[in-house]
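A closer look at the structure
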Amino acid sequence: MKSYKKELYFNTPTRRAFINITKEVEKCVKESGIKEGLCLVNAMHITASVFINDDESGLHKDFENWLEKLAPEKPYSQYHHNTFENNADAHLKRTIMGREVVIAITDGKLDFGPWEQIFYGEFDGKRNKRVLVKIIGE
Ligand code: ZN
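Here the structure is a predicted model, which is why all the values come from computation and not from measurement.

Cut-off values and rules
Residues numbered from 1 in each chain as written. Predicted model: local features only at pLDDT ≥ 70, side-chain atom pairs only at ≥ 80, totals over all residues. Heavy atoms only, no water. Helix = DSSP H or I, 4+ residues; strand = E, 2+ residues; numbered from the N terminus. Buried < 20%, exposed > 50% of the residue type's maximum accessible area, 1.4 Å probe, protein only. Polar contact = N/O pair within 3.5 Å; in protein donor to acceptor, adjacent residues only side chain to side chain. Donors = N, O, S within 2.8 Å, 3.2 Å for Na, K, Ca; no water. Core = buried A, V, L, I, M, F, W, Y, C linked by side-chain atoms within 4.5 Å. Contact = heavy atoms within 4.5 Å. Pairing = 2+ DSSP bridges. Axes fitted to C-alpha atoms, helices over the stretch in contact; angles between N-to-C directions.

By the secondary structure assignment, K129 is in strand β8 (residues 129–137). According to the relative accessible area criterion, K129 is buried, its value standing at 2%. As for K129 and R15, which are separated by 114 residues in sequence, their C-alpha atoms are 12 Å apart. Side chain to side chain, K129 and T47 meet in a polar contact 3.0 Å long.

What follows is the structure, given as structure tokens:
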């Protein structure tokens, strides 16, 4: 069995962002040389997500509005976690949007359903963050 690991780096200029990382992950699959296997992509931070959905700007605004309703950023005082850092909303948003995705690799390619794309979801940006890509198979 072969295994491959790579880290992707982010530092978003805004507090929240959704970034399509499908091309970067496809590059990893190619580099790995693995034809049949599994590809794990996970955020290495508890205020960021990796998820799969449609690359459609209206939907991304809907996610933003929905997450703000569930866990509004402000007022900061509404959260017990906000003592020396005001990022409780980012922890909650990350939990809803998920930590990782696993995609099958078939015939050397990510085996997606229709319209599936991989996104990095940032909820507490303007700092250095990482995503792990781990691929196993043969
Ligand atoms: Zn925190």
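And the narrative resumes.
All of the protein donors around the zinc ion are H81 (NE2), N87 (OD1) and H91 (NE2); their distances to the metal are 2.1 to 2.3 Å. Along the chain, the residues that donate to the zinc ion are spaced as H-x5-N-x3-H. On the basis of relative accessibility, which here comes to 39%, the residue H81 falls in the partly exposed class.

What follows deals with the nonpolar core. I21, C39, V41, L110, I118, V131 and I135 are the most contacted members of the largest nonpolar core, which totals 22 residues. Counting residues per element, the ones that place at least two in this core are β1 (2–10), α1 (22–32), β3 (37–43), β4 (48–53), β5 (100–106), β7 (117–122) and β8. Setting aside residues up to four positions removed in sequence, I21 forms contacts with L8, F10, V41, I118, F119, Y120 and V131. Counting residues in hydrophobic clusters, the runner-up holds 7 residues, among them L67, M97, F119 and F123.

In this section: the sheet that holds β1. Pairing in this open sheet of 5 strands is antiparallel, and the strands run β1-β8-β3-β5-β6 from one edge to the other. Across the chains shown, the open sheet's two edge strands, defined by having one partner strand only, are β1 and β6 (109–110). Both β3 and β8 contribute to a ladder of 7 bridges, which runs antiparallel. Counterpart to V41 in the pairing with β8 is V133. Packed on one face of the sheet, α1 meets β1, β3, β5, β6 and β8 and runs near 150 degrees to β1.

Read these as spatial facts, not as claims about activity.
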